[in-house]
Amino acid sequence: MAVTSYQLVCPFVGGAVFCAVALHLRRELKQARYVAGVAQSVVLRPLPARIEGLGVAAVQVSAERGASVGGDLYDVVGTEFGVRVVMGDVRGHGLAALGTVAALLGGFREAVHDEPELGGVLRRLDRTLARHLRDRAEHQTGPVGEEFVTVLLLEIGADGGVLALNCGHPWPYVITGSRVLPLSRADPLPPLGPFPLPADLAVEHGFLLPGESMILFTDGAEDARDRRGRFFPLPYMLERAAAEHGGSPKELVTAVLTDLLRHTAGKPGDDAALLALRNGRSGNALRGAGPYLSAAPPRGATSHIRSAPDNSPLAPHP
């Protein structure tokens, strides 16, 4: 049987075309990851290691493969009103949520310097989100109006007093020695987006004493599951990381993120972010008051922060 020149050449030509296409796709993927990394550095800008006496560190991982930016947002800013902190979680993940993250962080970074009350900052964020969603609705189709964002706002004063407003977000944990307990047990407000904010905002209040740490996180950290469906035991992992790494915020969040990725076999089902704050200030302004005790509430505020029990065992990983 005669073999034509076409039959001899075709496999080589086809293979060359396939290799060229594969090389092009790899370059495109590399470029997309580079762009995502640049976007992350601009939107989720690196935090300084120390802000007005507070040690600070944050880590973030996206569930969308190849993307460096997810739907989580956080920032820490020193202001004349105290150190103000935001952590939030935009519905969805990956680059699709980047616009909402950028809009909210831009609004936060401006409002924290203008608004003397923490409630004013929250209302500014609510208006920023509404404006952003209206602009998106004009340029794209889809259920834009159904998007929501969980937001946690904190204000930490020079004396270690903490004010908190929570819209649908997990409460942070406070680490005192070997104890890991939530800052509050109050029911949060609804997430921003679907419902208007109430006229009266219930501000939670407590303390972050010298030597204590606070860990803020998104639900992707607490809800992460392994192959057997077991949840990631975040409080226990925080307790272990604190015992092994002391009070270093960077080592603390890095160790917990490593444990989370090990728990999920490197494939988290949702974006996850961790932010650690440590009160490294010296002084005795609140020493002896004890953690989780209520400071004098601001006018109109209520508190659900309770005294911590002396023995609250944390169940180890099953």
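As the structure is a computational prediction, the values presented were derived from the model and not from experiment.

**Structural notes on the pattern of salt bridges**
Point 1. For the structure on display, the rule yields ten salt bridges.
Point 2. For the salt bridge of R84 with E155, the shortest nitrogen-to-oxygen distance reads 2.8 Å. With R84 in strand β4 (residues 82-90) and E155 in strand β5 (residues 149-156), this pair connects stretches of sequence that are 71 residues apart.
Point 3. Between R124 and E110 there is a salt bridge, and its shortest N-O distance comes to 3.7 Å. Of this pair, R124 sits in helix α3 (residues 118-139) while E110 sits in helix α2 (residues 98-114), and the two are 14 residues apart along the sequence.
Point 4. When its relative accessible area of 18% is taken as the criterion, R124 is described as buried.
Point 5. A cluster of three or more residues bridged by salt bridges with shared partners is formed by E110, D114, E115 and R124.

**What about the environment of V180?**
Point 1. Residue placement: V180 occurs in strand β8 (residues 179-182).
Point 2. Note on V180: relative accessible area 3%, which makes it buried.
Point 3. Separated by 34 residues in the primary sequence, V180 and M214 have C-alpha atoms spaced 9.2 Å apart.

**Re unusual backbone geometry**
Across residues other than glycine, the phi torsion is negative in most instances, and most of the peptide bonds are trans.
Point 1. In this structure, E52 is a non-glycine residue whose phi angle is positive, near 50°.
Point 2. Here E52 shows up in the loop between β1 (50-51) and β2 (54-61).
Point 3. Although it is not a glycine, A265 sits at a positive phi angle of roughly 55°.
Point 4. On the secondary structure map, A265 appears in the loop between α6 (249-263) and β11 (272-279).
Point 5. Here A265 falls in the partly exposed class, since its relative accessible area comes to 38%.

**Quick look at α6**
Point 1. Its 15 residues give α6 an end-to-end C-alpha distance of 21 Å, which sits within 8% of 21 Å, the value for a rise of 1.5 Å per residue.
Point 2. For α6, the set of buried residues is P249, L252, V253, A255, V256, L257, D259, L260 and H263.
Point 3. Where the residues of α6 are buried, they touch β2, β7 (173-176), β10 (213-217), α4 (219-222), α5 (234-245) and β11.

**Quick look at the confidence of the model for the protein chain**
Point 1. For the protein chain, per-residue confidence averages 81 on the pLDDT scale, and 70% of positions sit at 70 or higher.
Point 2. Every residue in residues 31-36 is under pLDDT 50, and counting partners more than four places away or in other chains gives six contacts.
Point 3. The low-confidence segment residues 285-318, where pLDDT is below 50, has 72 contacts with residues more than four positions distant or belonging to other chains.

**Some remarks on the packing of α5 against α6**
Point 1. It is the contact of α5 with α6, at a shortest axis distance of 9 Å, that shows an interaxial angle of 135°. What the angle tells us is that α5 and α6 run oblique. Our pair here, α5 against α6, has a crossing hand that is right-handed. Residues L234, M237, L238, R240, A241, A242 and H245 of α5 form the contact with α6, whose participating residues are E251, L252, A255, V256 and D259.
Point 2. Here the residues of the contact of α5 with α6 are counted per class, giving eight nonpolar, one polar and three charged.

**With respect to the sheet that holds strand β6 (residues 161-167)**
Point 1. Read across the open sheet, the five strands follow the order β3-β4-β5-β6-β9; overall the sheet is antiparallel. Unpaired on one side and paired on the other, β3 (72-79) and β9 (204-207) mark the two borders of the sheet. On average, each strand axis in the sheet is tilted by 15° relative to the strand beside it, whichever way the strands run.
Point 2. Two strands pair when backbone bridges link them, and β4 and β5 are joined in this way by eight bridges, in the antiparallel orientation. Counterpart to V90 in the pairing with β5 is V149.
Point 3. Where α3 meets the sheet, it contacts β4, β5 and β6, and its direction lies at approximately 155° from that of β5.

**With respect to the sheet that holds β7**
Paired through their backbone hydrogen bonds, the strands of a sheet run either parallel or antiparallel.
Point 1. Taken together, the six strands give an open sheet; going across it, the order is β1-β2-β11-β10-β7-β8, and neighbouring strands pair in antiparallel fashion. Only two strands of the sheet have a single neighbouring strand rather than two, namely β1 and β8.
Point 2. Summarising the sheet, β2 and β11 pair through eight bridges and their orientation is antiparallel. Considered in β11, the bridge of V61 is made with A272.
Point 3. Here α6 sits on the sheet in contact with β2, β7, β10 and β11, set at roughly 20° to β2.

Criteria and cut-off values
Residues numbered from 1 in each chain as written. Predicted model: local features only at pLDDT ≥ 70, side-chain atom pairs only at ≥ 80, totals over all residues. Heavy atoms only, no water. Salt bridge = Lys/Arg side-chain N within 4 Å of Asp/Glu carboxyl O. Helix = DSSP H or I, 4+ residues; strand = E, 2+ residues; numbered from the N terminus. Buried < 20%, exposed > 50% of the residue type's maximum accessible area, 1.4 Å probe, protein only. Expected span 1.5 Å × (residues − 1). Contact = heavy atoms within 4.5 Å. pLDDT = per-residue confidence, 0-100. Axes fitted to C-alpha atoms, helices over the stretch in contact; angles between N-to-C directions. Parallel < 35°, antiparallel > 145°, perpendicular 65-115°, else oblique. Left-handed = near helix turned anticlockwise from the far one by under 90°. Nonpolar A, V, L, I, M, F, W, Y, C, P; charged D, E, K, R; others polar. Pairing = 2+ DSSP bridges.

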